[in-house]
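# Remarks on the overall topology
What follows is each chain in one-letter form.
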Amino acid sequence: MPPMHGSVYIAELGWVDFDPTNNQIPLDQHIIVGWGRDYGDVTPLKGVIFGGGEHELAVSVDVRNLESES
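How each quantity is defined
- Sequence order sets the numbering: in each chain, residues are counted from 1 along the sequence as written.
- Owing to the predicted nature of the model, reporting of local features is limited to residues with pLDDT of at least 70; listing and counting of side-chain atom pairs is limited to 80 or more, with chain, interface and lining totals taken over all residues.
- With hydrogens and water set aside, each side-chain value is computed from the structure's full complement of heavy atoms.
- The pairing criterion is simple: DSSP has to find at least two bridges between the two strands.
- Helix and strand definitions here come from DSSP, where helices need a minimum of 4 consecutive H or I residues and strands a minimum of 2 consecutive E residues; each element is numbered from the N-terminal end.
- Patches were defined on residues exceeding 30% relative accessible area and lacking a salt bridge, with like-charge contacts within 9 Å and nonpolar side-chain contacts (Val, Leu, Ile, Met, Phe, Trp, Tyr) within 5 Å.
- Accessible areas in this description were obtained via Shrake-Rupley with a 1.4 Å probe; residue shielding takes into account the shown protein chains only.
- Here, a salt bridge means any Lys or Arg side-chain nitrogen found within 4 Å of an Asp or Glu carboxyl oxygen.
- Working definition: with a 1.4 Å probe on protein chains only, accessible area under 20% of the residue-type maximum means buried, over 50% means exposed, and in between means partly exposed.

### Digging into the pairing of strand β2 (residues 14–18)
Relative to β2, strand β1 (residues 6–10) runs antiparallel, the two being bridged by five bridges. Across the sheet, residue Gly 6 finds its bridge partner in β2, namely Phe 18. Taking the residues that link successive antiparallel strands as the turn, the β1-β2 hairpin has three residues.

Below you can see the structure in the form of structure tokens.
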């Protein structure tokens, strides 16, 4: 099962995020990359690979805090 992150609305607090996969409240170490009803709405990779043999995937992410640049 892929990692999941959710939010719940609490009247006194507003929207509160949670990460049940890692049993924690998300802070700055969590980055929202999409919103959807479920994992199928926001899968990180979609597509089809044609061919055979071995494949290797390399991924990198650059993050910049826009609030600190104001």
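### A few points about a nonpolar patch on the surface
A cluster of nonpolar residues, Ile 31, Val 33, Leu 57, Val 59, Val 61 and Val 63, forms a patch on the protein surface that exposes about 710 Å² of accessible area. In this structure, Val 61 sits in the segment after β2. Overall, Val 61 belongs to the exposed group, its relative accessible area being 63%.

Treat this as a map of the structure, not an account of what it does.
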